[in-house]
Amino acid sequence: MVLEMVGVVGLGTMGAGIAEVFARAGIRVCGVEADEVALARGRAHLERSTGRALDKGKLTAAEREEILARVTLTTSRADLRDADLVIEAIPERMDLKVELFGELDRICKPSTILATNTSSLSVTALAAATGRPGRLVGMHFFNPAPVMGLVEVVGTVVTDPGVVDEVAGLAVRLGKSPVTVGDGAGFVVNRLLLPYLNHAVTLLDHGVAARDDIDHAMKLGVGLPMGPFQLLDLIGLDTAYEIMNVLFDESRSDRHVPSPLLRSYVAAGLLGRKSGRGFYGEAGDGPQDKAPARTVRVVGSPELADRLDTAGFKESDDPDVVLQVGGSLPLSGNTVRVRLSGQVAELAVSVLTTQEAALGAHGLLKIAGYTPVPCKDRAGLVIEALLFSHLNDAVRMYESGYAAIDDIDAAMRLGCGYVTGPFELIESIGLATVRDGLRALHAERLTPSSAPAPLLDQLVTAGLTRFPRP
Ligand code: NAD
């Protein structure tokens, strides 16, 4: 792909970062903004970002000057007539983008490729609104664009052969890892990530566990970089809600019904970091210490029994609390079911559990060195309910032919900072364990989406422990 000059329209959060990415790769950039005020903001954004890189020693002063010198800023779209590629990063509104691409189509030379950074709008609809539908694709960068390694390259049913490969090749030249996908709502990352986040909100709404406990469970128990509520506050609750709506409009799946609690937060203007308050607010929400039960009996985990013994808690035949790890004793008022995942101890409280036993178990697990996650005694508790459903979505995505296994794994690693992709994670947990966990979830919920993906079920039935890769 000959690339003398690239246009970037909209120099906000994403556009300024995208302009920087191209300029860093030695490509001339023409950045277009709506007016002079926005243009000054875009320039400041670029200067701040490259200034930070200079302070951190990632750029020399001379390199920074070269990068900034490669970027020309203008309010005139006509300056894009010679661009080889124009990527838009204006607000997520169909009417604005259709108007923009209509004009770019008239201004730009016939060979120019047009690209959209949209997160959730139909790339096909945008392409169809121009006179060059074959040369309009999605080029979905992640925030912050100079840092995040993933670019989702989105082709449509009308994209000319070769255009997606050209744009993917360009992404490699920019030092990014492209994943090429079709035009499905949310592409790979948002289509998998947002339903998981929405599910966490549903658990909170249903009182299954508290905000901080769910965040601890997913961060410390699963090893995700952030808890779901921390991430929602970062993404913006309005953006998350909007993407859920787009997903639901396309799929009509029970999995994509936007949580009413999420809607309430958005309606109340609590949008996350951008508005100063979202699921996390100004008020201190620090953890509260609970007094441990004085006597205990541990069933099913010699390690936990040892830890408590070392901490001075002697086993008793008539204990205040029975901690049941695995197994299935008949439940009673002082029994708390415990599931250990890494440093997290989920504490399942049933209708029978007394408040005293629940609090006493919480204190004991904390003393034993775990992060207690109290929750209602529901299938999958917190971790498996959230994680296995999320993994199931990935299997369904692959099964639908939307994206390849390795692409889904790479997209989630690079786009969300996961240490392992969903398929690698299923294989490390065990396909049968995930399938059985999903069966338990489905038996309790009976929602169509909670059933194990047929492929997962078939692989387990066939005795396979890995997904087939080409
Ligand atoms: P933003 O509001 O920060 O920036 C949009 C910019 O576009 C503003 O600077 C605005 O002045 C400018 N603009 C508006 N109308 C314009 C016009 N007609 N011509 C030229 N410039 C115009 O928005 P953002 O967060 O950077 O999002 C931009 C796009 O990127 C959206 O489609 C969004 O869905 C997508 N996206 C956002 C993120 C994210 O995390 N913010 C991540 C990936 C993709």
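Draft legend 1. Inspection of the overall build of the protein at higher detail. A tally of regular secondary structure across the protein gives 18 helices and 13 strands. In terms of overall dimensions, the protein is globule-like: its C-alpha atoms have a radius of gyration of 25 Å, near the 23 Å expected for 470 residues. Counting only C-alpha atoms, the protein reaches 85 × 50 × 40 Å along its principal axes. Each of the 470 residues in the protein was classed as buried or not, and the buried ones make up 52%. Restricting to contacts in the protein with at least 6 residues of sequence separation, those with at least 24 account for 68%. Working note: accessible area of the protein is about 20,100 Å², and carbon and sulfur atoms make up 53% of it. For the protein, the distance from the average position of its 46 positive side-chain charges to the average position of its 58 negative side-chain charges is 2 Å.

Draft legend 2. Highlighting the site of the ligand. Around the ligand sit 23 residues, and of these Met14, Glu33, Glu92, Lys97 and Asn117 come closest. A distance of 2.7 Å is found between an oxygen atom of the ligand and a side-chain nitrogen or oxygen belonging to Lys97. Its free accessible area being 830 Å², the ligand has 75% of it covered by the protein chains. Where the shell around the ligand is concerned, the elements lending two or more residues are α1 (13-24), α2 (36-55) and β6 (136-141). Taken together, the residues of the shell around the ligand sort by class into 10 nonpolar, 8 polar and 5 charged.

Draft legend 3. Structural detail: the domain arrangement of the protein. Taken as a whole, the protein is organised into domain 1 (5-181), domain 2 (193-287 + 383-396 + 405-443) and domain 3 (296-376). One C-alpha centre belongs to domain 1, the other to domain 2, and the line joining them spans 29 Å. Domain 1 puts 7 residues into the contact, and the matching count from domain 2 is 6 residues. Between domain 1 and domain 2, a total of about 650 Å² is buried, with carbon and sulfur atoms accounting for 73% of that surface. Ranking the residues of domain 1 by area buried against domain 2 places Ser120, Leu150 and Val179 at the top, with a combined share of 57%. The interface formed by domain 1 and domain 2 contains 0 salt bridges. Put simply, domain 1 and domain 2 have 0 residue pairs in polar contact (both at pLDDT 80 or more) between them. At 3 residues, strand β8 (residues 177-181) tops the list of elements feeding residues into the side of domain 1 that touches domain 2.

Draft legend 4. Fine view of the packing of helix α17 (residues 431-445) against helix α18 (residues 454-461). Where α17 contacts α18, the two axes come as close as 9 Å, and the packing angle between them is 130°. As judged from the angle between their axes, α17 and α18 are oblique. The way α17 lies across α18 gives a crossing that is left-handed. Every residue of α18 that contacts α17 at Leu431, Ala432, Val434, Arg435, Leu438 and Arg439 is listed here: Leu456, Asp457, Leu459, Val460 and Thr461.

Draft legend 5. The arrangement of the sheet that holds strand β4 (residues 85-88) in detail. Taken in spatial order, the 8 strands of this open sheet run β3-β2-β1-β4-β5-β6-β7-β8, and their pairing is mixed. In this open sheet, the two strands that pair with only one neighbour each are β3 (71-74) and β8. The mean inter-strand angle of the sheet, taken between neighbouring strand axes irrespective of direction, is 25°. In this structure, β6 lies alongside strand β7 (residues 150-154), joined through 4 bridges in antiparallel fashion. Looking across to β7, one finds that Gly138 is bridged to Val154.

Draft legend 6. Main features of the side chain of Glu427. By secondary structure assignment, the location of Glu427 is in helix α16 (residues 422-429). Residue classification places Glu427 among the buried residues on the basis of a relative accessible area of 17%. Not counting chain neighbours up to four residues away, the residues in contact with Glu427 comprise Thr465, Arg466, Phe467 and Arg469.

Draft legend 7. Up close: the packing of helix α7 (residues 189-205) against helix α15 (residues 405-416). Viewed as axis vectors pointing N to C, α7 and α15 meet at an angle of 65°, and their least axial separation amounts to 10 Å. The pairing of α7 with α15 is recorded here as roughly perpendicular in orientation. In this structure, the crossing between α7 and α15 has a hand that is right-handed. Residues Val189, Leu192 and Leu193 of α7 form the contact with α15, whose own contacting residues are Ile408, Ala411, Met412, Gly415 and Cys416.

Draft legend 8. Just the pattern of salt bridges, in detail. Taken as a whole and assessed by the stated rule, the structure comprises 26 salt bridges. Here Asp95 and Arg93 are joined by a salt bridge, their closest N and O atoms 2.7 Å apart. For Asp95, a relative accessible area of 45% puts it in the partly exposed group. A salt bridge links Glu250 to Arg191, with the nearest nitrogen and oxygen atoms 3.2 Å apart. A residue pair is termed long-range when its members are at least 10 positions apart, and Glu250 in helix α10 (residues 237-251) and Arg191 in helix α7 qualify at 59 residues. For Glu250, a relative accessible area of 45% gives the class partly exposed. Judged by relative accessible area, which is 22%, Arg191 ranks as partly exposed. Salt bridges sharing common partners tie together Asp406, Asp409, Glu427, Arg466 and Arg469.

Thresholds, definitions, all that
- Counting restarts for each chain, with residues numbered from 1 along the sequence as it is written.
- Local features in this predicted model are restricted to residues of pLDDT 70 or higher, and side-chain atom pairs are both shown and tallied only at a pLDDT of 80 or more, whereas totals for entire chains, interfaces and linings draw on every residue.
- Based on all heavy atoms of the structure, the side-chain values leave hydrogens and waters out of the count.
- What counts as a helix is a DSSP run of H or I of at least four residues, what counts as a strand is a run of E of at least two, and both are numbered from the N terminus.
- The globule rule is 2.2 Å times the number of residues to the power 0.38, and the radius of gyration it is compared with is taken over C-alpha atoms.
- Partly exposed residues are those whose accessible area sits between 20% and 50% of the maximum for their type, while under 20% is buried and over 50% is exposed, using a 1.4 Å probe and protein chains only.
- The contact criterion used throughout is that any non-hydrogen atoms of two residues lie within 4.5 Å.
- Here, Shrake-Rupley sampling with a 1.4 Å probe gives the accessible areas, and only protein chains in the shown set may cover a residue.
- In this tally Asp and Glu are treated as negative and Lys and Arg as positive; neither His nor the chain ends contributes.
- One atom stands in for each charge, and that atom is NZ of Lys, CZ of Arg, CG of Asp or CD of Glu.
- Each residue is tested against the molecule or strand, and it is near if at least one of its non-hydrogen atoms lies within 4 Å.
- Nitrogen and oxygen atoms within 3.5 Å of one another constitute a polar contact, given that in protein one can donate a hydrogen and the other can accept it, and given that sequence-neighbouring residues count only through two side-chain atoms.
- Residue polarity follows a fixed list, in which Ala, Val, Leu, Ile, Met, Phe, Trp, Tyr, Cys and Pro are nonpolar, Asp, Glu, Lys and Arg are charged, and the others, Gly among them, are polar.
- Where each domain begins and ends is defined by an automated method or by a domain database.
- When two parts are brought into contact, each loses some accessible area as probed by a 1.4 Å sphere; the total of that loss over both is the buried area.
- Salt-bridge detection follows one rule: a side-chain nitrogen of Lys or Arg within 4 Å of a carboxyl oxygen of Asp or Glu.
- To obtain an axis, a line is fitted to C-alpha atoms, over the contacting stretch when the element is a helix, and the angle between two such axes runs from 0 to 180 degrees between their N-to-C directions.
- The labels follow the angle: roughly parallel below 35 degrees, roughly antiparallel above 145, roughly perpendicular from 65 to 115, and oblique for the rest.
- Whether a crossing is left-handed or right-handed is set by the direction in which the near helix is turned from the far one by less than a right angle, anticlockwise for left-handed and clockwise for right-handed.
- For two strands to be treated as a pair, DSSP must find at least two bridges joining them.

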